[in-house]
Amino acid sequence: MLKKLPLVATLLVAICALAQQIAPSHFDGKTWWDYVKVLADDNMEGRETGSSGLQRAEAYIVAQLKQAGIQPAGSDGYYQQIKFQSREIVEKDSALALVRDGKAEPLVLGEDAFFSTRVDLAPELQAPMVFVGYGLRIPEKNYDDLTGLDLNGKVAVILSGSPADIPGPLSSHYQTPAERWKTLHAAGAVGMISIANPSTMDIPWSRMSVNRMHPSMSLADPEFNETEGEKLALYFNPASAGKLFQGSGHSFDELLNIAKDRKQLPRFPLAASIKVKAALEKKALESANVVAKLPGNDPDLKNEYVVLSAHIDHLGIGAPINGDSIYNGAMDNASGSALLLDVAASLKKSPEKLKRSILFVFVTGEEKGLLGSKYFAAHPTVDAKSMVADINVDMFLPIVPLKILTVYGLAESDLGDLARQVAESHGITVQADLEPQRNIFIRSDQYNFIRHGIPALAMGVGATPGSPEQKMLKDWLTQRYHAPSDDLNQPVDLASAALYEEVVRGLMIAVAQSPLRPQWKPDSFFRRYAQASK
């Protein structure tokens, strides 16, 4: 009998492992996809911020929340209304040119460059240009691209990226439009021209150019004006960027070779000036966040909230690609909004006695610059200090099996540790962001919660570098991201989606049940926001 004990122990371990594998799941992927099919249907017209299509999508969300027993938590029932200003470029009345030796060299809008209408462009402008490298000033690392440059009254030309010795979260923060313009404006600049590094572009220039005709927006409230003094914002085609550097003593290829190794770039005046005529069509509009809550049960902790957030807006109707003009946004981000609805429904079917309350926040205006979450984080419909964490779900891409989970913000707070524990309990390997140059951590709504001191993260289905799965994920970005083909006629892995939902739900419950709030790590750059909010 004694000899048989090791075998018995082995069998017990195997049985426990099997039980874990066959434990009932809260999700099957099908109900999630059913929500996606409604939110990304053509009749939602791409859910443009302020559109009737988005209003229909939000009305559907509210109906589903009511059905799941999730209570209203907006400023007007489930809604939090927000005022915006919309801006569109009138290209037929606009023009761009380089002026060299007194002669104007016209640029083709859409082919060479296009305007960013996220700023209130000056009707006319002519100004010298200065190449400022990455255009970064990072005091924490004694790094300053602007040292010794005269930018007064000039336009700064920037190549996207950052030096290799700057940590990803730090460089991402200083590459946000608000932080970058604050630095350039303080140095006297009147505008900015951004050149994407071809090696880190999510989508090809042809698609970026097509999307230029979608309206841009800003929050109408002056407290959110982060572009004061910015008279020009342009995106320049990397294939045409050589024109900017003619006569400067430097070539664009030379700069790309330096940036390839993420070394500091030279900074120098350009031989040409930029001449601009910009005609804008402006209008006021309103759109809403949808906010709902599931109250907790603990006498004290029920007054604190774990936030689940996702943006519901997308790009609406735009220039047709392959005959399709509806930008449905199935993965971006009907997928995230559907997940929140599925989690809400699961809590009704399998009630958990949660200590903390859950706050479901469906934000508008993400595609316009994270505007809905910016407004909510500044003017929350619950006590600002009651939100202990934000788990943001945006375009998590369940198009390959979920064997690897990429966690954006993994090392920044306790949330990363909890996410690792939950994922590994499902047999999933966890990795940090392998491509920090893409700045994903600051490109979605979690960043606005972070800026108000709230620990936050986002997660996505990951892959091993060089694997077929990684190629599939990259191909998706090239072919479907911000294109009409991000629709319901694309392959999706329902098992991957269901497993991802389990991880999000598990992380949410772990935070809700913990006696302690998640905390920023002592060495996290973002910890300063929590200290400032006290």
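Predicted, not measured: the structure shown is a model, and the values here were computed from it. Residue positions are given per chain, counting from 1 as you read along its sequence in written order. Predicted model: local features are reported for residues with pLDDT of at least 70 only, side-chain atom pairs are reported and counted for 80 or more only, and whole-chain, interface and lining totals are derived from all residues. For side-chain calculations, the full set of non-hydrogen atoms in the structure is used, while hydrogens and water are omitted.

Q: Can you help me understand the sheet that holds strand 4 (residues 103-107) in this one?
A: Neighbouring strands of a sheet are bound in pairs by backbone hydrogen bonds; such pairs are parallel or else antiparallel. Note: two strands are recorded as paired if DSSP finds a minimum of 2 bridges between them. Put simply, DSSP H or I for four residues or longer makes a helix, DSSP E for two residues or longer makes a strand, and each gets a number counted from the N terminus. Read across the open sheet, the 8 strands follow the order 4-3-13-6-9-10-12-5; overall the sheet is mixed. Edge strands, defined here as strands with exactly one partner in the open sheet, are strand 4 and strand 5 (113-115). Strand-to-strand twist of the sheet, defined as the mean angle between neighbouring strand axes without regard to direction, takes the value 30°. Sheet topology places strand 5 next to strand 12 (residues 232-236); 3 bridges connect them, and they run antiparallel. Each bridged residue has a counterpart across the sheet, and for Phe114 the counterpart in strand 12 is Tyr235. Helix-sheet contacts for helix 8 (residues 252-260) involve strand 6 (124-131), strand 9 (155-159), strand 10 (191-195) and strand 13 (268-277), and the interaxial angle to strand 9 is about 55°. Every axis corresponds to a line fitted to the C-alpha atoms, with the helix fit spanning only the stretch in contact, and the corresponding angles, defined between N-to-C directions, vary from 0 to 180 degrees. Here, two residues are considered to be in contact whenever any of their heavy atoms come within 4.5 Å of each other.

Q: What is the right way to read helix 13 (residues 468-479) from this model?
A: Along an α-helix, residues three or four positions apart point the same way, because every turn accommodates 3.6 residues. Across its 12 residues, helix 13 extends 16 Å between first and last C-alpha, which sits within 8% of the 16 Å expected from 1.5 Å per residue. For every residue, the accessible area obtained with a 1.4 Å probe (protein chains only) is divided by the maximum for its type, and the residue is called buried under 20%, exposed over 50%, and partly exposed between those limits. When we look at burial in helix 13, the residues that qualify are Gln470, Leu473, Trp476 and Leu477. For helix 13, the buried positions fall inside an angular range of 120° around the axis, keeping them on one side. Counted as exposed and oriented over 90 degrees from the buried face of helix 13: Pro468, Lys471 and Gln479. Those residues of helix 13 hidden inside the fold are in contact with helix 6 (205-210), helix 9 (330-349) and strand 22 (456-461). In this scheme, a helix's expected span is set at 1.5 Å multiplied by one less than its residue total. The arc refers to the directions leading from the helix axis to the C-beta atoms.

Q: What is the right way to look at the confidence of the model for the protein chain in this model?
A: Detailed conclusions should not be drawn from predicted coordinates in areas where pLDDT is low. This prediction gives the protein chain a mean pLDDT of 92; 95% of its residues lie at or above 70. Across residues 1-23, where pLDDT falls below 50, the model places 1 contact with residues more than four positions away in sequence or in other chains. On a scale of 0 to 100, pLDDT captures the predictor's confidence in every residue.

Q: Hey, could you run me through the nonpolar core in this one?
A: One recurring pattern in soluble globular proteins is that nonpolar side chains are buried together. One finds Leu65, Phe360 and Met459 to be the most contacted residues of the largest nonpolar core, which totals 80 residues. Ranked by size, the runner-up nonpolar core spans 70 residues in total, among them Ala259, Leu359, Phe449 and Ala458. The definition of a nonpolar core used throughout is a set of buried Ala, Val, Leu, Ile, Met, Phe, Trp, Tyr and Cys residues joined through side-chain atoms within 4.5 Å.

Q: Just checking my understanding: could you explain unusual backbone geometry for this structure?
A: Residues other than glycine predominantly adopt negative phi, and peptide bonds predominantly adopt the trans conformation. The omega angle of the peptide bond from Asp332 to Asn333 is 0°, so this bond is cis rather than trans. Here Asn333 lies in helix 9. Positive phi is not limited to glycine here, since Asn142 has a value of about 50°. Asn142 sits in the exposed class, given a relative accessible area of 75%. In this model, Met395 sits at a positive phi of 50°, which is unusual for a non-glycine residue. What makes Met395 buried here is its relative accessible area of 16%.

Q: How do you make sense of the pattern of salt bridges when you look at a structure like this?
A: Close approach of charged atoms allows side chains of opposite charge to pair. Definition used for salt bridges: Asp or Glu carboxyl oxygen within 4 Å of a side-chain nitrogen of Lys or Arg. What the rule picks out here adds up to 21 salt bridges. Here Lys37 ties to Asp34 by a salt bridge, and the two come within 3.4 Å at their closest N and O atoms. Here Lys37 and its partner Asp34 are both found in helix 2 (residues 30-39), 3 residues apart, which amounts to about one turn of the helix. Judged by its relative accessible area of 38%, Lys37 is partly exposed. As a salt-bridge pair, Glu304 and Arg356 come within 2.7 Å of each other at their nearest N and O atoms. In this pair, Glu304 sits in the loop between strand 14 (280-294) and strand 15 (305-311) while Arg356 sits in the loop between helix 9 and strand 18 (357-363), placing the two residues 52 residues apart along the sequence.

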